[in-house]
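Residue-level structural notes
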Amino acid sequence: MPDSTQNPPQPAASPNPLLTEPELVELDKAFTPHPPKGRRAAATFIFFTVTLDMLALGMIAPVLPRLIEGFLHGDTSSAAKMLGLFGTVFAVMQFFFSPIVGSLSDRFGRRPLVLLSNFGLGLDYLVMAWAPTLNWLFLGRVISGLTSSSIPTAMAYMADVTPRERRAAAFGMLNAAFGAGFILGPAVGGLLGNINPRLPFWAAGGLSLINGLYGLFVLPESLSLQNRSPFSWARANPVGSLSLLRRHAGMIAIAAVLLIGYIAQQVLMNVYVIYADYRYHWTDRTVGFSLALVGTCTIVYGALLVKPVVARLGERGAMTIGLIGGALGYSMIGLSKTGLFLWIGIPFLNMMSFTWPAAQSLLSRKTSPSEQGQLQGAINSLRGIAGLIGPSFFTYIFSQSIGATLHLPGAPFYTAAAMLLIALALAQRAVRQSQPAST
């Protein structure tokens, strides 16, 4: 009998985390009550990746106008135009590159795209911190629009590791990550910017690089080889990626709900501050507190309420009450003459936090594992379209609403409310067109 001790089995060599990816995360079962620890850690990393991405974007928001103005020798008018150009370019990059990044993640896996984005975003912020001229700063903004396209990959990762019936809650947590960055980013950026306007860029770059290094060692791949799909420019371009939404009944209507909602959301980003200053004469501090309440509600709703609401009402019910609450909130802001209704309306407005994850979950249910990246890229392209349309649309409405012939300063918010009611009608149509996919 051969002696087994003569040739003892050799232990497998430990993989070098710098050269190979960690073990594929175990695929979930539809009714697994307690996900394995590895998947929990991966989901936690993705949550913090999105939080840090939003934190970094928020950190530079208070100082970017001042930095641009400095390059233009204090010309505020020219700086405002350049800031608008920066925002437009960022939205254009999101529109074109989100579906490309999403499709690449369907081909090569989520892990490399998430990590490349972390490192790319970190290096980009360092370039912007160092930028000796306005052209360099503009180039950095272009690159940040590209590297920030990792959001759809993060969403696809969560879809990979989450059972279908829990995806709305997972997307709700990522929505809470957006809220956390929305609150903390501008506050931290403002504090650092008071020391040096370039310091927030250095800090944002450092956070992104540290997060990328951490993910290099701990983030497993979520997409198995058998679920990957070939890369195709026909699917990766924005028009091709959006064609995915036509494959199943109801998907177009749900995507239209998202697009209309994203456009309506632009009224907060582009009109809210000037509206509060014009109508209530609020100080920067009061405006900041009100926006902090918006972010706080986003965190609370996304982290704590989406899961029970979806469990009780289903995705379609959650989407419906979110749209109704959003329309009510926007109407209250527009009606508020003293600012009191505005404060009361914010919790209603943030009920939209139920709509986003519920709609994404419905779309994700109808999409195969090999196309989750393409789907999330298409959804992020809708955000890019909203970023191109919304700013000029709502600022024009506001400028006209405070003119001599018409004085209705709440008009932009009434318009946003009307848009959400249209989206509500589309959501009901989507309900009639399709039934939930079986789990």
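Calculation notes
- Residues numbered from 1 in each chain as written.
- Predicted model: local features only at pLDDT ≥ 70, side-chain atom pairs only at ≥ 80, totals over all residues.
- Heavy atoms only, no water.
- Helix = DSSP H or I, 4+ residues; strand = E, 2+ residues; numbered from the N terminus.
- Buried < 20%, exposed > 50% of the residue type's maximum accessible area, 1.4 Å probe, protein only.
- Contact = heavy atoms within 4.5 Å.
- Areas by Shrake-Rupley, 256 points an atom, 1.4 Å probe, with all protein chains shown as cover.
- Phe/Tyr/Trp six-rings, centres within 6.5 Å; stacked < 30°, edge-to-face > 60°.
- Lys NZ or Arg CZ within 6 Å of the ring centre and 35° of its normal.
- Lys, Arg positive; Asp, Glu negative; His and termini not counted.
- Salt bridge = Lys/Arg side-chain N within 4 Å of Asp/Glu carboxyl O.
- Axes fitted to C-alpha atoms, helices over the stretch in contact; angles between N-to-C directions.
- Parallel < 35°, antiparallel > 145°, perpendicular 65-115°, else oblique.
- Nonpolar A, V, L, I, M, F, W, Y, C, P; charged D, E, K, R; others polar.
- Core = buried A, V, L, I, M, F, W, Y, C linked by side-chain atoms within 4.5 Å.
- Left-handed = near helix turned anticlockwise from the far one by under 90°.
- pLDDT = per-residue confidence, 0-100.
- Patch = residues over 30% accessible without salt bridge, like charges linked within 9 Å, V, L, I, M, F, W, Y side chains within 5 Å.

**Examining the overall build of the chain**
In terms of helices and strands, the chain carries 17 helices and zero strands. Of all 439 residues assigned to the chain, the portion counted as buried reaches 52%. Within the chain, counting contacts between residues at least 6 apart in sequence, those at least 24 apart form 83% of the total. Of the accessible surface of the chain, which amounts to about 19,600 Å², a share of 68% is contributed by carbon and sulfur atoms.

**Here's the deal with the environment of L174**
Looking at the element boundaries, L174 is found in helix α7 (residues 167-195). Excluding anything up to four places from it in sequence, L174 contacts I46, F47, V50, A154, M155 and M158.

**Examining the packing of aromatic side chains**
On inspection of all chains with the given rule, the structure shows 15 aromatic pairs. Taking the centre distance of 5.3 Å and the plane angle of 70° together, the rings of F86 and F138 count as edge-to-face. Of this pair, F86 sits in helix α3 (residues 76-108) while F138 is found in helix α5 (residues 134-147), placing the two residues 52 residues apart along the sequence. Between F95 and F96, the aromatic rings sit 5.0 Å apart at their centres with planes inclined by 75°, giving edge-to-face as the arrangement. Chaining the aromatic ring pairs together yields one cluster made of Y275, Y278, Y280, W282, Y330, W343, F398 and F413. Looking at R107, its charged tip hangs above the ring of F108, at a distance of 4.7 Å from the centre.

**Here we look at the side chain of R167**
For R167, the position within the fold is in helix α7. Of the side chains bearing the opposite charge, D160 lies closest to the buried R167, which forms no salt bridge; the N-O distance is 6.5 Å. If near-sequence neighbours (up to four positions away) are discounted, R167 is found in contact with A159, T162, S361, S364, R365 and Q372.

**Structural notes on the packing of helix α13 (residues 284-335) against helix α15 (residues 352-365)**
Relative to each other, α13 and α15 sit at 70°, their axes nearing to 6 Å. Comparing the axis directions of α13 and α15 gives the class roughly perpendicular. Of the residues that constitute the contact of α13 with α15, the class distribution is 14 nonpolar, six polar and three charged.

**Comments concerning the environment of M332**
Relative to the assigned elements, M332 resides in helix α13. Here the alpha-carbon distance between M332 and F348, two residues 16 residues apart in the chain, equals 9.0 Å. Excluding residues within four positions of it along the chain, M332 makes contact with F341, L342, I344, G345 and F348.

**Regarding the nonpolar core**
Residues L323 and Y330 are the most contacted members of the largest nonpolar core, which totals 64 residues. Of all the elements in the fold, those that place two or more residues in this core are α11 (251-270), α12 (272-280), α13, α14 (340-349), α15, α16 (372-401) and α17 (411-433). Of all the elements, α13 adds the most residues to this core, at 13 residues. Formed by 41 residues, the second largest nonpolar core is a distinct cluster that contains A43, I151, Y157 and A204.

**Digging into the side chain of D124**
When you line up the elements, D124 lands in helix α4 (residues 110-130). R141 provides the closest opposite charge to the buried, salt-bridge-free D124, at an N-O distance of 6.9 Å. Beyond its immediate stretch of four places on either side in the chain, D124 contacts G140, I143 and S144.

**Considerations on unusual backbone geometry**
Even without a glycine there, the phi angle at H281 is positive, about 55°. Following the sequence through the fold, H281 ends up in the loop between α12 and α13. For H281, a relative accessible area of 65% puts it in the exposed group.

**With respect to the packing of α12 against α13**
Two numbers describe a pair of packed helices, the interaxial angle and the distance between the axes. Close contact between α12 and α13 brings their axes to 7 Å; oriented N to C, the two are set at 130°. Here α13 runs oblique to α12, going by the angle between their axes. As α12 packs across α13, the resulting crossing turns out to be right-handed. In this structure, α12 contributes Y272, V273, Y275, A276, R279 and Y280 to the contact, and α13 contributes V287, S290, L291, I333, G334 and L335. Tallied by class, residues from the contact of α12 with α13 come to nine nonpolar, two polar and one charged.

**Quick word on the confidence of the model for the chain**
Residue-level pLDDT values for the chain average 80, and 86% of them are 70 or greater. Contacts for the low-pLDDT stretch residues 4-21, under 50 throughout, to residues beyond four places or in other chains number ten contacts. A low-confidence stretch, residues 27-37 stays under pLDDT 50, and its non-local contacts, those more than four residues away or across chains, total 19 contacts.

**So, the pattern of salt bridges**
Here the structure, examined in full by the defined rule, presents three salt bridges. A salt bridge links D160 to R110, with the shortest nitrogen-to-oxygen separation between them at 2.7 Å. Residue D160 is found in helix α6 (residues 151-161), and its partner R110 is found in helix α4; the two are separated by 50 residues along the sequence. The two residues D160 and R110 agree in class, both being buried.

**Details of a nonpolar patch on the surface**
On the surface, a cluster of nonpolar side chains totalling about 530 Å² of accessible area is made up of L328, L335, L340, F341, I344 and F348. Put simply, the parts of the chain that give the nonpolar patch at least two residues each are α13 and α14. Of the residues forming the nonpolar patch, the biggest block, four residues, is contributed by α14. Tracing the backbone shows F348 in helix α14.

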